[in-house]
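Below, each chain spelled out in residue letters.
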Amino acid sequence: MTKLKIAVIGKSAAGKSAFIRTFSSAPDYINSVGKGQTTRAYAEYLFLQDYEDDFPKVEADIVTQSMFCESRTMQVLGKLKDLQNSGESTDIDWLKKQFDNGVHKRRLKEILLYATDFFDIREFEFLDNNIVSWSDMEFDAFEKDIVSTADNEKILNEGEQEEKEKKETEADDILYKFFRNIYDKIIMVIKEAYKNKPVFYIDNNICHFKFRIEDNETKNIFTMLLKVDDDNKSLTGMLSKVRITSGINKKYLEKLNCLNIYSISLIDTYGLDHSENTKDEVLIERYNRIFNKDYPEISVVFFVEALHAGASNEFKKAITILYQIKPEIMTYIIGTYIDENENELLGKENWLFSEEKRKDGAPRLNGRVQQILDNDTDLQAALLDQGISESMAQKRCEIMQKRFAPFCGNLDNITGKIDYEMANTVSIKALFSSIAEKEHLGEGYIQIDAILEKISQEGILDTFSKQFIENIKKGFVQVYARSASRTRWKIRENLENYVLGFMGTTLDATWKRVFKDAFNMTFTKKIKADGRMQMLSDVLKIEGNSKIAFDEIIATIAPFLLQRKCQGEEYLSPSVCEIKCNECAENQTKDSGCIWNIFIIAASFEAFTERSHYDKVIDWLNELHKFEQIDNLEEKVTKHLQSVLSEKFVPLCREHNMRLASKRIKNSNAPYADSKKEVYLDYKTKYDTAIEKKRFDDIVNSFLSNEMR
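Note that the structure is predicted; figures quoted are calculated from it, not measured.

(A) Inspection of the overall build of the chain at higher detail. Along its length, the chain carries 29 helices and 17 strands. With 709 residues in all, the chain has 56% of them scored as buried. If you take every contact in the chain between residues at least 6 apart in sequence, the share linking residues at least 24 apart comes to 77%. If you sum the accessible surface of the chain, you get close to 31300 Å²; carbon and sulfur atoms cover 44% of it. A distance of 2 Å separates the average location of the 100 positive side-chain charges in the chain from that of its 116 negative side-chain charges.

(B) Structural detail: the packing of aromatic side chains. Applying the stated criterion across every chain yields a total of 47 aromatic pairs. A centroid spacing of 5.6 Å and a plane angle of 85° characterise the contact between Trp511 and Phe627, whose relative ring orientation is edge-to-face. In this pair, Trp511 sits in helix H20 (residues 511–523) while Phe627 sits in the loop between helix H26 (617–624) and helix H27 (633–667), placing the two residues 116 residues apart along the sequence. One cation-aromatic arrangement involves Lys219 over Tyr29; the distance from NZ or CZ to the ring centre is 5.1 Å. The side chain of Arg664 reaches across the aromatic face of Tyr445, ending 4.3 Å from its centre.

(C) Fine view of the side chain of Ser604. Within the element layout of this structure, Ser604 appears in the loop between helix H25 (595–603) and H26. In terms of polar contacts, Ser604 uses its side chain to reach the backbone amide nitrogen of Ala607, at 3.2 Å.

(D) Region of the structure containing the pairing of strand S8 (residues 239–247). Where strand S2 (residues 42–48) and S8 come together, seven bridges link them in parallel fashion. Looking at S8, one finds that Tyr42 is bridged to Lys241. Summarising the sheet, strand S3 (residues 57–62) and S8 pair through six bridges and their orientation is antiparallel. When the bridges of S8 are listed, Val58 appears paired with Ile244.

(E) Seen up close, the confidence of the model for the chain. The predicted model of the chain has a mean per-residue pLDDT of 88, with 93% of residues at 70 or higher. Counted against residues more than four places away or in other chains, residues 155–159, with its pLDDT under 50, gives three contacts.

(F) Structural view of the pattern of salt bridges. Counted by the stated rule, this structure contains 38 salt bridges. A salt bridge links Glu470 to Lys473, with the shortest nitrogen-to-oxygen separation between them at 3.8 Å. With Glu470 and Lys473 both in helix H18 (residues 462–482) and three residues apart, the pair spans about one turn of that helix. For Glu470, a relative accessible area of 34% puts it in the partly exposed group. Lys547 is the partner of Asp551 in a salt bridge, and the nearest nitrogen-oxygen pair spans 3.1 Å. Here the residue Asp551 and the residue Lys547 both occupy positions in helix H22 (residues 544–553), the gap between them amounting to four residues, near one helical turn. The exposure class assigned to Asp551 is buried, which follows from its relative accessible area of 2%. The structure contains a network of salt bridges with shared partners spanning Glu285, Arg482, Arg513 and Asp517.

(G) Local environment of the nonpolar core. Judged by nonpolar contacts, the single largest core of 135 residues is most densely connected at Leu112, Phe142, Phe209, Phe302 and Phe432. It is helix H6 (residues 161–194) that provides the largest number of residues to this core, a total of 13 residues. Apart from the residues within four sequence positions on either side, Leu112 is in contact with Arg72, Val76, Phe119, Phe139, Phe142, Leu175, Phe178 and Phe179. Among the nonpolar cores identified, the runner-up in size contains 87 residues, and Trp511, Phe599, Leu660 and Val679 belong to it.

(H) View of the sheet that holds strand S14 (residues 508–510). Reading across from one edge, S14-S13-S17 is the order of the three strands in this open sheet, with antiparallel pairing throughout. Edge positions in the sheet fall to S14 and strand S17 (579–580), since each of these pairs with one other strand and no more. As paired elements, strand S13 (residues 499–503) and S14 share three bridges and run antiparallel to each other. Within S14, the position partnered with Gly501 by the bridge is Thr510. The strands that helix H19 (residues 485–495) touches are S13 and S14; relative to S13, the one it contacts most, it runs at about 155°.

(I) Looking closely at the pairing of strand S11 (residues 330–336). S11 sits mainly inside the fold: seven of its seven residues count as buried. Here S11 shows two buried faces, one formed by Met330, Tyr332, Ile334 and Thr336 and the other by Thr331, Ile333 and Gly335. Bridge count between strand S10 (residues 300–306) and S11: seven bridges; the pairing is parallel. Looking across to S11, one finds that Phe302 is bridged to Tyr332. One ladder, built from two bridges, connects S11 with strand S12 (residues 405–406); its direction is parallel. Of the residues in S12, the one forming a bridge with Ile334 is Ala405.

(J) Inspection of unusual backbone geometry at higher detail. At Gln588, a residue that is not glycine, the phi angle is positive and equals roughly 55°. Look at Ser604: it is not a glycine, yet its phi comes out positive at around 85°.

(K) View of the packing of helix H9 (residues 280–294) against H20. At a closest axis distance of 13 Å, the pairing of H9 and H20 adopts a crossing angle of 100°. Judged by the angle between their axes, H9 and H20 are roughly perpendicular. When H9 is examined against H20, the residues Ile284, Glu285, Asn288 and Asn292 are found in contact with a partner set consisting of Lys512, Arg513 and Lys516.

(L) Broad picture of H22. Across the ten residues that make up H22, a large majority, eight, are buried. What H22 keeps buried is the set Ser546, Lys547, Ile548, Ala549, Phe550, Asp551, Glu552 and Ile553. Lining the buried residues of H22 we find helix H15 (390–402), helix H17 (448–455), helix H21 (536–539) and H27.

(M) Expanded view of the environment of Ser434. Note on placement: Ser434 falls in helix H16 (residues 420–436). On the basis of relative accessibility, which here comes to 1%, the residue Ser434 falls in the buried class. Among all residues touching Ser434, those that are not within four sequence positions of it are Tyr332, Ile399, Arg403 and Glu439. A distance of 2.7 Å separates the side chain of Ser434 from the side chain of Tyr332, its partner in a polar contact. Within the structure, Ser434 has its side chain in polar contact with the side chain of Glu439 (distance 2.7 Å).

(N) The environment of Tyr614, seen in detail. Topologically, Tyr614 is positioned in the loop between H25 and H26. Residue class for Tyr614 comes out partly exposed when judged on its relative accessible area of 28%. Every residue in contact with Tyr614, bar those within four places of it in the chain, is listed here: Asp619, Trp620 and Glu623.

What counts, and where the lines are drawn
- Residues numbered from 1 in each chain as written.
- Predicted model: local features only at pLDDT ≥ 70, side-chain atom pairs only at ≥ 80, totals over all residues.
- Heavy atoms only, no water.
- Helix = DSSP H or I, 4+ residues; strand = E, 2+ residues; numbered from the N terminus.
- Buried < 20%, exposed > 50% of the residue type's maximum accessible area, 1.4 Å probe, protein only.
- Contact = heavy atoms within 4.5 Å.
- Areas by Shrake-Rupley, 256 points an atom, 1.4 Å probe, with all protein chains shown as cover.
- Lys, Arg positive; Asp, Glu negative; His and termini not counted.
- Charge placed at Lys NZ, Arg CZ, Asp CG, Glu CD.
- Phe/Tyr/Trp six-rings, centres within 6.5 Å; stacked < 30°, edge-to-face > 60°.
- Lys NZ or Arg CZ within 6 Å of the ring centre and 35° of its normal.
- Polar contact = N/O pair within 3.5 Å; in protein donor to acceptor, adjacent residues only side chain to side chain.
- Pairing = 2+ DSSP bridges.
- pLDDT = per-residue confidence, 0-100.
- Salt bridge = Lys/Arg side-chain N within 4 Å of Asp/Glu carboxyl O.
- Core = buried A, V, L, I, M, F, W, Y, C linked by side-chain atoms within 4.5 Å.
- Axes fitted to C-alpha atoms, helices over the stretch in contact; angles between N-to-C directions.
- Parallel < 35°, antiparallel > 145°, perpendicular 65-115°, else oblique.

Given below as structure tokens:
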């Protein structure tokens, strides 16, 4: 049975929480609807088909000291950077200047202690009446540390670049110490307040909450774990993750039973509220961490958009950046507050209650999301600007338009003129049917014979290997240019020990990230091949509906390309970020079947320990990552790519084809055995001559039996 995990993103006050809680069989116990507050920690809602408890269960993890200090330090440094003039750095001298002016000093204090988006010390007054006055003293101590450190700095001689970079980390260290003291104080008062309550426990020195939401006390605690309550009380600033488990809404379940769905996980994603015009580079890093590190299994996103009058939206930016970071993600749009559009919906019930939202007959809805209902040209153009194929852009827009989901999150205040509960269930059925059937892949078989024939031809993949290498080189230059001094020192330390890069709190500077980005740029977008802009499917002469599925599935093979041969992996696990290659380095191993070994040799094992040959860390980093120590790098990458395409990509294409074959057999009016034989012969003759009848039968039977469960 299918277990779905979906990210829910959107602006503050878009109605994400109201949408999510309707999936619960006990929504009255989930008080998640707030006032548009930014999500501070991941909230994982798991809705189970066979959940046997009457009450939802909650587990919440309090963040560790190192995670709290690191994330808060980076958040503060990011905000301070926005205040600075071009070329300024957030070093000890700049921070000292902030205390020379009363307004600047108060601004700094608010950023450190009263940041309502991520952390506000005042929210913990319900645990300790004196915590704000105590934090005032801590801020005073912070000022003394900054001033005394700045005053004691020696004058640097010109050219002492390494010492200058060390100086830039001093401000970070003092900030880290400040937040360590803040963390220790809050943990102390939390432990004191909840030490005798059964909802709270400590395991391996990590604090957790765990309980059923069954009375007012547990309801109140749960509220404080999710949001800031009406009395400005909250625990959200100290959490890393909240997990809520509940049964699935019975009315939804009735609609979903035929889809063989066992569970639905909806992830309210930390830091993705689009309440302000978030900079693209910030959004890119957040998306990368969430969808490639913390939740790499997610391949579907619900973008929640409020249908308020005059509401603007950013779903186009979100969709295009999502494609840039993780092309295999398919986005669907949820239009909330549909009840505010009642006058426009009267007489349009056929549209509202249809699973396919066609342009013809669509009502005029509030907000700019109407654009996608009337005309998807602008959205298609935004996707094409990312360099993807026209057929894929058209198909994705077609699905987003057809499966647009109008939704009412507050059924208590409806007029009765329109059955919004029915509209909700129709939207849910349409969304999950599309997801389960992988509708965005289209209805065309992929031409496997054509793929195998073309990739074996000499020179056919060389252009893509060359571009992949160039994109890797460019990626490292960009990452190191954006990295702060503190991050570069971490990168240096790891690389000298043959650990490939560093996974920071706000910057992923790992080889895995750079290689994955380079893969996306090379194989999921058009590049210049044979004198014109083409995708790999174009070069391989894959056409028609087959091309749509090819272009979508190619995005999923990066983990196979990036597998570690020394570990005997079939694919690189999403949980692995910092690749460790010290064993190969010690043994001077050369293995062309491992992408990491190929590129380490291209840099040379010795280069990883030659930092002392360069005045600046960044010069060493850039030189190391030119990969110029072997002449046949392109040839080795091509060979590795050919292997991955034939051994990993083709089976994925065949799986897609078998899914379509099973649907055609199921929908046939002919006897089962006759239908299966007819579909097999047609498929084998036209698309996949290597497939054997037994293999075909086994896969098709597996799909059909899953549908019947």
